[in-house]
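Examination of the molecular architecture
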Amino acid sequence: MKTTIHHNDTIFQVDLSQPIDISIPITNNDENPIAWYIDKPVIEPVKFGEWVGKVSSGMSSTNFNNILFNPHGHGTHTECLGHITKDFYSINQALKQFFFRAELVSVNLENKEGDSVISKDEIQRVLNGKAPEAIIIRTLPNSSSKRSRKYSHTNPPYLEEAAARFIRESGIHHLLIDLPSVDKEKDEGKLLAHKAFWNVTDVNRLNNDARLTATITEMIFVDDVVQDGAYLLNIQIASFENDASPSKPVLYKI
């Protein structure tokens, strides 16, 4: 199913029958990735006394599960600036458009003071003057173990503040990355990359030029068979009135 897209001053084609899902699903087994010191998700049938909401139990005509999970720690999620502000802001209100012109880039990590970081210079190199609506960052080396990695207390790589600021100043509105956070795991609550990307200078009283509709999507996974380059990006979220929602970003090759 091919369609022609008219976007700003460009026209391009995508094949909607060839989606590339870059999300990590939420499961209730040990294969689920975990960050931020929490346990794995819980997906289990409702129980009322001896009654169990599961068809195989012989007691129910339907499967009827409760699900306990944390969007930030249990898989691919999309968040708005409400993640770091005193006042409440919802991803369901921030994200009102769902298709974007995106650039997938693979980045090398640099070692700085014992940390693995994504530098401004590296982001400049891979973008090479491009300014898409969204950037999708795949860190190298890339491994399928990202689908099930346990990140707590491991000091994962992160995005330097200057790199996040450069992405914002390039006009990029949506940032997707295959790490549990754009910031350092233990940074004393500074959240420098989050603040730089959203242009938040005061979390207690939001500045007027903060980017209310910009989003960050973390814990994606982009397989090596997917080549760097231009894509049409569809960000799908659940309609949670919360700072973040589990999400399903899907790419279509341009």
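To keep things clear, this report deals only with the structure shown in the data block. Values in this document were obtained by computation on a predicted structure and should not be read as measured data. (Residues numbered from 1 in each chain as written. Predicted model: local features only at pLDDT ≥ 70, side-chain atom pairs only at ≥ 80, totals over all residues. Heavy atoms only, no water.)

1. Topic: the overall build of the protein chain
Within the protein chain, the secondary structure is distributed over 4 helices and 17 strands. For 254 residues, the compact-globule formula gives about 18 Å, and the C-alpha radius of gyration of the protein chain, at 19 Å, lands near that figure. Taken over the C-alpha atoms alone, the protein chain extends approximately 60 × 50 × 40 Å along its principal axes. Counting the 254 residues in the protein chain, one finds 47% classified as buried. Long-range pairs, those at least 24 residues apart, make up 70% of the contacts in the protein chain between residues at least 6 apart in sequence. (Helix = DSSP H or I, 4+ residues; strand = E, 2+ residues; numbered from the N terminus. Rg over C-alpha atoms; globule rule 2.2 N^0.38 Å. Buried < 20%, exposed > 50% of the residue type's maximum accessible area, 1.4 Å probe, protein only. Contact = heavy atoms within 4.5 Å.)

2. Looking at helix α2 (residues 120-127)
Among the residues of α2, those classed as buried are E122, I123, V126 and L127. Around the axis of α2, the buried residues are gathered within 125° of arc, so they sit on the same side. Where α2 is buried, its residues meet β9 (99-108), β10 (110-112), β11 (115-118), β12 (134-140), β13 (158-159) and α3 (161-169). N128, located one to two residues past α2, shows a positive phi value of around 50°. (Arc of directions from axis to C-beta.)

3. Quick look at the sheet that holds β10
Read across the sheet, 3 strands follow the order β10-β11-β13 without closing on themselves; strand pairing throughout is mixed. Sheet topology places β10 and β13 at the edges, where each strand pairs with a single neighbour. Here β11 pairs with β13 via 2 bridges, running parallel. What sits directly across from V117, in β13, is Y158. (Pairing = 2+ DSSP bridges.)

4. A short note on the pattern of salt bridges
One side chain can pair with another of opposite charge once the charged atoms of both are near each other. This structure, assessed with the given rule, holds 10 salt bridges. With a shortest N-O distance of 3.6 Å, D30 and K40 are connected by a salt bridge. Separated by 10 residues along the polypeptide, D30 in the loop between β3 (20-21) and β4 (42-45) and K40 in the loop between β3 and β4 bring together distant segments of the chain. The exposure class of K40 is partly exposed, given its relative accessible area of 37%. D178 is the partner of K146 in a salt bridge, and the nearest nitrogen-oxygen pair spans 2.5 Å. (Salt bridge = Lys/Arg side-chain N within 4 Å of Asp/Glu carboxyl O.)

5. Some details on α3
When α3 is considered as a whole, its buried residues turn out to be A163, A164, F166, I167 and R168. Of the surrounding secondary structure, the elements contacted by the buried residues of α3 are β11, α2, β12, β13, β14 (174-177) and α4 (192-198). Two residues or fewer past α3, G171 is found with a positive phi of approximately 85°.

6. Regarding the nonpolar core
Soluble, globular proteins show a tendency: their nonpolar side chains are buried together. Counting residues in each nonpolar core, the largest one holds 29 residues, and the members touching the most others are I123, I137, L159, I167 and L175. Secondary-structure elements contributing two or more residues to this core are β9, α2, β12, α3, β14 and α4. If sequence neighbours within four positions are ignored, L159 has contacts with I118, I123, I137, A164, I167, L175, V182 and A193. With 19 residues, the next largest nonpolar core counts C80, A94, A102 and A134 among its residues. (Core = buried A, V, L, I, M, F, W, Y, C linked by side-chain atoms within 4.5 Å.)

7. A look at the pairing of strand β2 (residues 10-15)
Note: strand β1 (residues 2-7) against β2, 6 bridges, orientation antiparallel. Bridged to T4 within β2 is Q13.

As far as function goes, none of this settles anything; it's purely spatial.
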